[in-house]
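So the chains spell out like this:
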Amino acid sequence: MGGKGGAPLTEQEYTGRAEECKAKLYRTALLYLGSESAALDAVDEAVYRGLCACGRLREPEFFRTWLTRILINVCNTELRRRRREIAVEELPETAAEAYDGLPLREAIRRLPEQLRAVIVLRYFTGLTLAETAESLGIPAGTVSTRQRRALELLRLELTEEV
Amino acid sequence: MERMEEYKALLAELEETPPALEHTVQRARARRRRRRWGRGLGIPAGSAAAVFAAFVLLVNLSTPFALACGRVPVLRDLAAAVSFSPSLSAAVEHDYVQYVGQSQTANGFTMTLEYLFPDQGQLLFFATVTGPREVESVMVSPTFTDGEGKALEGYSITCLSFAPGELSNAFALIPNRAEEPVLPGVLQVECQVDARIPFQDSGADQTADAVFTFRFPLDGTLLEQRERVEVDRWVDLDGNRIRIDALEIYPTHARLTLTQDPDNPEQLQSIRFYLEDERGRRYESGSSGTGILSLGSSYWCESPFFSEPQSLTLHVTQAVWLEKGREYVTIDLDSGRALSPLPEGISVSVHRTETGQVGLAFIAPEPPGSTEEHMVAYQVATMEYKTPQGEVRSVDGVSHTHAGRLWYGTEDETALPEDCFVEEYVLENYPWNTVDWGLHFTRRTAFDTPAAFPVK
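Residues numbered from 1 in each chain as written. Chains lettered and ligands numbered in written order. Predicted model: local features only at pLDDT ≥ 70, side-chain atom pairs only at ≥ 80, totals over all residues. Heavy atoms only, no water.

**With respect to the overall build of chain B**
Point 1. Scanning chain B from terminus to terminus reveals 7 helices and 29 strands.
Point 2. Expressed as a percentage of the 456 residues in chain B, the buried residues total 46%.
Point 3. Pairs at least 24 residues apart make up 63% of the contacts formed inside chain B by residues separated by at least 6 positions. (Helix = DSSP H or I, 4+ residues; strand = E, 2+ residues; numbered from the N terminus. Buried < 20%, exposed > 50% of the residue type's maximum accessible area, 1.4 Å probe, protein only. Contact = heavy atoms within 4.5 Å.)

**Section: the packing of helix α1 (residues 11-33) of chain A against helix α1 (residues 3-15) of chain B**
Point 1. Put simply, α1 of chain A and α1 of chain B touch, their axes get as near as 10 Å, and they point 120 degrees apart. Classified by the angle between their axes, α1 of chain A and α1 of chain B sit oblique to one another. Relative to α1 of chain B, α1 of chain A is oriented so that their crossing is right-handed. Each of Arg27, Leu30 and Leu31 of chain A in α1 of chain A lies in contact with α1 of chain B, whose residues at this interface are Leu10, Leu14 and Glu15 of chain B.
Point 2. Of the residues belonging to the contact of α1 of chain A with α1 of chain B, the class tally is 4 nonpolar, no polar and 2 charged. (Axes fitted to C-alpha atoms, helices over the stretch in contact; angles between N-to-C directions. Parallel < 35°, antiparallel > 145°, perpendicular 65-115°, else oblique. Left-handed = near helix turned anticlockwise from the far one by under 90°. Nonpolar A, V, L, I, M, F, W, Y, C, P; charged D, E, K, R; others polar.)

**Focus: the sheet that holds strand β21 (residues 358-365) of chain B**
All names here are of chain B.
Point 1. Pairing is antiparallel in the open sheet, where 4 strands are placed in the order β20-β21-β27-β24. Each having just a single partner strand, β20 (347-352) and β24 (399-401) make up the two edges of the open sheet. Shown here is a sheet whose adjacent strand axes are inclined to one another by a mean of 25 degrees, direction ignored.
Point 2. Bridge count between β21 and strand β27 (residues 420-427): 8 bridges; the pairing is antiparallel. Looking across to β27, one finds that Leu360 is bridged to Tyr425. (Pairing = 2+ DSSP bridges.)

**Structural notes on helix α8 (residues 140-154) of chain A**
Residues and elements named next belong to chain A.
Point 1. The end-to-end C-alpha distance of α8 is 21 Å, a good match for the 21 Å that 15 residues give at a rise of 1.5 Å each.
Point 2. Val143, Ser144, Arg146, Gln147, Ala150, Leu151, Leu153 and Leu154 are the residues of α8 that are buried.
Point 3. Positive phi appears at Arg155, one or two residues downstream of α8, with a value of about 60 degrees. (Expected span 1.5 Å × (residues − 1).)

**Structural notes on α1 of chain B**
All names here are of chain B.
Point 1. Look at α1: 18 Å from first C-alpha to last across 13 residues, which is about the 18 Å you get at 1.5 Å a residue.
Point 2. Turning to α1, its buried residues number three or more, namely Arg3, Glu6, Tyr7, Leu10 and Leu14. Around the axis of α1, the buried residues are gathered within 100 degrees of arc, so they sit on the same side. Structural note: α1 exposes Lys8 and Glu15 on the side pointing more than 90 degrees away from its buried face. (Arc of directions from axis to C-beta.)

**Considerations on the state of the cysteines**
Residue and element names in this part refer to chain A.
Point 1. For the coordinates displayed, the defined rule picks out 0 disulfides over all chains.
Point 2. Among the cysteines around Cys54, which has no disulfide bond, Cys52 carries the closest sulfur, lying 8.3 Å off.
Point 3. Judged by its relative accessible area of 5%, Cys54 is buried. (Disulfide = S-S within 2.5 Å.)

**Focus on the environment of Thr414 of chain B**
Residue and element names in this part refer to chain B.
Point 1. Residue position: Thr414 is located in strand β26 (residues 414-415).
Point 2. Take Thr414: its relative accessible area is 27%, and that puts it in the partly exposed class.
Point 3. The sequence separation of Thr414 and Ser349 amounts to 65 residues, and the corresponding C-alpha distance is 8.5 Å.

**Thoughts on the nonpolar core**
Point 1. Grouped together as the largest cluster of nonpolar side chains are 65 residues, with contacts concentrated most on Tyr14, Phe63, Trp66, Leu67 and Ile119 of chain A.
Point 2. By size, the runner-up hydrophobic cluster in this structure holds 46 residues, among which are Tyr115, Leu222, Ile244 and Ile271 of chain B. (Core = buried A, V, L, I, M, F, W, Y, C linked by side-chain atoms within 4.5 Å.)

**Structural notes on the pattern of salt bridges**
Point 1. One pass over the structure, following the stated rule, counts 26 salt bridges over all chains.
Point 2. The salt bridge partner of Glu106 of chain A is Arg110 of chain A, with a shortest N-O separation of 3.6 Å.
Point 3. In this structure, Arg243 of chain B and Asp232 of chain B form a salt bridge, with 3.9 Å as the shortest nitrogen-oxygen distance. Of this pair, Arg243 of chain B sits in strand β11 (residues 240-249) while Asp232 of chain B sits in strand β10 (residues 227-237), and the two are 11 residues apart along the sequence.
Point 4. Taking the relative accessible area as the measure of exposure, Arg243 of chain B reaches 25% and is therefore partly exposed. (Salt bridge = Lys/Arg side-chain N within 4 Å of Asp/Glu carboxyl O.)

**Some details on the pairing of β10 of chain B**
All names here are of chain B.
Point 1. Of the pairings in the sheet, the one linking β10 to β11 comprises 9 bridges and is antiparallel in character. Across the sheet, Val235 pairs through a bridge with Ile242, a residue of β11.
Point 2. As consecutive antiparallel partners, β10 and β11 are separated by 2 residues, and within that stretch Asp238 has a phi angle of approximately 60 degrees, a positive value.

**Describing the interface of chain B and chain A**
Point 1. Facing 43 residues of chain B, the contacting portion of chain A comprises 50 residues.
Point 2. Among the residues chain B hides against chain A, the three largest losses belong to Arg3, Leu14 and Glu93 of chain B. Together they make up 17% of the total.
Point 3. In this assembly, chain B and chain A are joined by 4 salt bridges.
Point 4. Of the charged contacts, one joins Arg27 of chain A and Glu15 of chain B as a salt bridge, the two residues approaching to 3.4 Å between their closest N and O atoms. (Buried area = accessible area lost by both parts, 1.4 Å probe.)

**Some details on the packing of aromatic side chains**
Point 1. If you walk through the whole model with that rule in mind, you get 21 aromatic pairs over all chains.
Point 2. When the ring of Phe63 of chain A is compared with that of Trp66 of chain A, the centres are 5.8 Å apart and the planes differ by 50 degrees; the resulting orientation is tilted. Of this pair, Phe63 of chain A and Trp66 of chain A both sit in helix α3 (residues 63-83), 3 residues apart, which is roughly one turn of that helix. Summarising the burial analysis for this pair, Phe63 of chain A and Trp66 of chain A share the class buried.
Point 3. The ring centre of Trp234 of chain B lies 4.4 Å from the NZ or CZ of Arg241 of chain B, which sits over that ring. (Phe/Tyr/Trp six-rings, centres within 6.5 Å; stacked < 30°, edge-to-face > 60°. Lys NZ or Arg CZ within 6 Å of the ring centre and 35° of its normal.)

**Points about the sheet that holds strand β7 (residues 168-175) of chain B**
Residues and elements named next belong to chain B.
Point 1. If you trace the 5 strands from one edge of the open sheet to the other, you get β1-β2-β3-β7-β5, paired in antiparallel fashion. Looking at which strands have only one partner, the edges of the open sheet turn out to be β1 (98-106) and β5 (155-159). Here the average twist between neighbouring strands, direction ignored, is 20 degrees.
Point 2. Pairing between β5 and β7: 5 bridges, direction antiparallel. Looking across to β7, one finds that Tyr155 is bridged to Pro175.

**What about the environment of His402 of chain B?**
Point 1. Along the chain, the position of His402 of chain B falls in the loop between β24 and β25 (405-406).
Point 2. Linking His402 of chain B and Ile363 of chain B, residues 39 residues apart in sequence, is a C-alpha distance of 9.8 Å.

**A look at the pairing of strand β4 (residues 137-146) of chain B**
Residues and elements named next belong to chain B.
Point 1. Of all the 10 residues making up β4, 7 are buried; the element is thus mostly covered by neighbouring parts of the structure.
Point 2. Sheet topology note: the β4/strand β8 (residues 186-197) ladder contains 10 bridges and is antiparallel. Note on β8: the bridge partner recorded for Thr143 is Glu190.
Point 3. Examined bridge by bridge, β4 and strand β6 (residues 161-162) share 2 bridges and lie antiparallel to one another. Bridge assignment links Met139 to a residue of β6, and that residue is Ser161.

**Some thoughts on the packing of α1 of chain A against helix α6 (residues 113-123) of chain A**
Residue and element names in this part refer to chain A.
Point 1. Running from N to C, α1 and α6 cross one another at 150 degrees; their axes reach a closest spacing of 10 Å. Between α1 and α6, the crossing angle belongs to the class labelled roughly antiparallel. Of the two possible hands of crossing, α1 and α6 adopt the one that is right-handed. Together, Thr28, Leu31 and Tyr32 of α1 and Glu113, Arg116, Ala117, Val120 and Leu121 of α6 make up the contact between the two elements.
Point 2. Across the contact of α1 with α6, the residue classes break down as 5 nonpolar, 1 polar and 2 charged.

Encoded structure:
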């Protein structure tokens, strides 16, 4: 596919790439937001925003992480909107026992936002440690720390390798 | 079920996607085609020729836009820097950004003026400042002139302190007449950088500063983006009549203008609200770009500019009122008691010193949502007071604290009730026994069910 050497993505190139990763975007949004309809809305919004901005993407090799970043922003906006209506649902990191009693999906949803982002991208969307760092705009070391903590809370024994 | 089994089962479950996902990209393409490309240029939408003409027009006649097309780096850093703001995030996603990209170094500081959101209602400047390692935070105070050095008139500025090295919303230029701003084609801004360095061994704060001047063209085409929705509807809000005049929609914020019936028994001091469109999307009150809640009779909120809603409903969640005739409360400074009614839930405490200094504290219940990690307060009184002779004076400052005790170490030391905050004022050389202190409100209403009114 095109977009070589700094040339902007065409709409056709964008739509092709977006088709390839929309399922993983949906998976990310679903774990973030907890409902099919909200996840679909979030993916719709992210894909639309990406389409409007794709001409600015000068480094197409970052496409996946770039579009994931857009999706994360959309999801966080929705979560902030929800927080104004209902009590904060997140459990503190110190409440390890509280996570044990929850189904895994719910436990992920109740993780602090920073830990949830890392665990979703690393172990459900399939991004590497470097790609996760790129998507979230944080150092790789921070990703490593957060994923370790999240795996501890969730009692998941998954590899922490890149 | 063991956690690993749960994980595998969840992975398998997530492999299934809903049928609606199939047409996600097609929906995005259709939505983009419906977007009114020529809005800011007056070119009719829906015409391929018009789209091409608009692009050619922008590139050939607008140097900043051409520069932007040619050299704007991937906006990753800016997207991260504005992730707190739905309006700014939408603006970035829709390329509503002018790249400045100028950097200067002096006196050990480097300032890079990176991006500008050319919203004619609030020009937002994003910059990075680096300096000596001991600098804890920086604040940039701008002064604007045109390309010929003539001072710009008719504007206000806001500026925030921010951490060194972080791309931040450093300052904003807010034209007084947003509907017809007088902005030059070339803007020059002198930036005074004040750095905060925490206590040194000497025990005194030290500050260092540097001054930079940046000069760049303003993209006039991006500036001319504003939509005005005329409403002109009188409504009853919480026992008072208010006219919703209009909704002005700018790319990074929106403004709801209201008029109050002069016969109302109370003056509306502030409202909290949100707009909701037909898809249930909300636009909360307050501009996340500048933090401005209101300006005169306009109440600011997040912008639906890029969402292109077909309808909008105003939902008022809170109203703050000041009863006419109760603008001041009389306080006996000897007994520390209010001699006229205070707003519900508010109490007062006084501490006088032998030198004539008076500490006056209003104690108020914390609002919902205030936590130890994120303490929130609201305005109780004003900085204005009247002497017993009726002379109007004002104090220079006010402080808000959530401390556990008032007047610590004095004979007036008082334990504060839990879940309260204190709004404290200090009077110097005040010899009288009473004071009439200005109140900001007499009544606050939080609506269990928001008061809803159609706007668009």
